[in-house]
Amino acid sequence: MRYIDFRSDTVTMPTKEMRMAMSEALVGDDVYGDDPTMNELQELAARTVGKEAAIFVTSGTMGNQLSVMTHTNRGEEIIVEQDCHIVQHEVGAAAVLSGVNIKAIKGENSIMNPSDVRKAIREDDIHYPKTGLICIENALSNGLVVPLNIMKEIYTIAKHHDLPVHLDGARVFNAATYLGVTVEEICESTDSVTFCLSKGLCAPIGSILAGSKVFIEKAKKNRKLLGGGLRQSGILAAAGILAINDMSKRLHIDHENARYLAKRLTEIEGIKLDISKVQINMVFFNITETGFDPNLLVKKLFEKGIKSNGEENGLMRFVTNNDVSKGDIDFTINCMKEIMNEI
Ligand SMILES: Cc1ncc(COP(=O)(O)O)c(C=O)c1O
């Protein structure tokens, strides 16, 4: 049975072209640096984000944590927004793997105010940990995009204090699509960036960590330490190349579909959402006023072949992706109306 899956863009299947490229990929032992397809992907990735070098990692979490580990020394402090993935969804890895303290600041809609970042940077005092890194997320997990001027201001502050900036750009291609700029322009305000090949870009596995040559050489050793040195990984890189070259160019369709979905959801009485917050491929909505139990809705939708996640912090989230068409959205809205007794 085919399911329509709104749970995330991580559920996307590799495309037919990816499967073909994977089956034909030239490979070698990447720990020796011998994998031509992996080398091609890493060079392409570095060029795309405007950095000197890049390495393939197995996940976005690994890219972020490798970055924290490589930028910092144990006992230092990293500045992050309190809702960011590094704090909320990476199992406390920054403490476990890198031994860093986390200074989490509260942003407006999870967007950090540069002056709060400035205030969070530690002075030289015998009692304080040393600030070692500032992390920004863009696009944010709440579906919003951080404006370029905010990123630039934070970067200027960081450079004034001689601090590196890491971007969790798991969905940086979505951010660039929304802003109408290249990912390189976004990454100009960062020293390192992680982005995911396996979310809206549809590759089956993998993320990229990019930065200066020196940084990436150090990160490569840390990747080995974490058991992330891969062998004939060109099979995965072949899909990654198509993710960057082809799939990044179709993200505007997911964004248009998300806005279409949002508009159609508001046809259902009691569903509340803020369309101005539908910036990428994520639609957050509240069903409290419908009087319908969110868990029951998830169950009933599943029975009709539609997968969705339960409510979190009072909001349900539907994510559009390459495997969800406009027709699937229409079908889903009709099912919701039927389930919620509107027709
Ligand atoms: C903003 C953000 N950063 C990092 C990640 C981690 O990616 P992965 O699931 O590949 O570890 C995610 C995953 O959803 C994410 O949304």
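Residues numbered from 1 in each chain as written. Predicted model: local features only at pLDDT ≥ 70, side-chain atom pairs only at ≥ 80, totals over all residues. Heavy atoms only, no water.

Colleague: What's the story with unusual backbone geometry in this structure? I'm lost.
Modeller: Trans peptide bonds make up the majority, and among non-glycine residues the majority have a negative phi. The omega torsion across asparagine 138 and alanine 139 is 0°, close enough to zero to call that bond cis. By secondary structure assignment, the location of alanine 139 is in the loop between strand 5 (131–137) and helix 7 (148–160). The phi dihedral of serine 110 falls on the positive side, at around 70°, and the residue is not glycine. When you line up the elements, serine 110 lands in the loop between strand 4 (101–105) and helix 6 (114–120). Taking relative accessible area as the criterion, serine 110 reaches 12% and is therefore assigned buried. (Helix = DSSP H or I, 4+ residues; strand = E, 2+ residues; numbered from the N terminus. Buried < 20%, exposed > 50% of the residue type's maximum accessible area, 1.4 Å probe, protein only.)

Colleague: How do you make sense of the domain arrangement of the protein when you look at a structure like this?
Modeller: Frequently, the measure chosen for interface size is the accessible area removed from exposure when the parts meet. Partitioning the protein into domains gives domain 1 (16–245) and domain 2 (249–339). Once you take the C-alpha centre of each, domain 1 and domain 2 turn out to be 29 Å apart. Residue-level contacts link 18 residues of domain 1 with 13 residues of domain 2. Summed over both partners, the interface of domain 1 with domain 2 comes to about 1300 Å²; 57% of that surface belongs to carbon and sulfur atoms. Looking at the side of domain 1 facing domain 2, the largest losses of area belong to Gly143, Asn174 and Tyr178, adding up to 31% of the total buried there. Counting the contacts that link domain 1 with domain 2 gives zero salt bridges. (Domains from an automatic or database assignment. Contact = heavy atoms within 4.5 Å. Buried area = accessible area lost by both parts, 1.4 Å probe. Salt bridge = Lys/Arg side-chain N within 4 Å of Asp/Glu carboxyl O.)

Colleague: Got a minute to help me understand the site of the ligand in this structure?
Modeller: Lining the immediate surroundings of the ligand are Ser59, Gly60, Thr61, Asn64, His85, Glu90, Glu137, Ser141, Asp168, Ala170, Arg171 and Lys199. Interatomic distance of 2.6 Å between a side-chain N/O atom of threonine 61 and an oxygen atom of the ligand. Within the complex, 81% of the 380 Å² of free accessible area of the ligand lies under protein. If you tally residues by element for the shell around the ligand, the top one is helix 3 (residues 60–71), at three residues. In the shell around the ligand, the residues fall into one nonpolar, six polar and five charged. (Near = heavy atom within 4 Å. Polar contact = N/O pair within 3.5 Å; in protein donor to acceptor, adjacent residues only side chain to side chain. Areas by Shrake-Rupley, 256 points an atom, 1.4 Å probe, with all protein chains shown as cover. Nonpolar A, V, L, I, M, F, W, Y, C, P; charged D, E, K, R; others polar.)

Colleague: Can you help me understand the pattern of salt bridges in this one?
Modeller: Any two side chains of opposite charge can pair if their charged atoms end up close together. If you walk through the whole model with that rule in mind, you get 16 salt bridges. A salt bridge links aspartate 328 to arginine 2; its shortest N-O distance comes to 2.8 Å. Taken as a pair, aspartate 328 in helix 14 (residues 326–339) and arginine 2 in the segment before strand 1 (4–5) lie far apart in primary sequence, 326 residues in all. Given the relative accessible area of 10%, aspartate 328 is considered buried. Residue classification places arginine 2 among the exposed residues on the basis of a relative accessible area of 52%. Arginine 264 is the salt-bridge partner of aspartate 330, the closest N and O atoms lying 2.7 Å from each other. With aspartate 330 in helix 14 and arginine 264 in helix 12 (residues 251–265), this residue pair connects regions lying 66 residues apart in the sequence. Overall, arginine 264 belongs to the buried group, its relative accessible area being 14%. Within this structure, Arg264, Glu267, Asp330 and Lys337 form a network of salt bridges that share partners.

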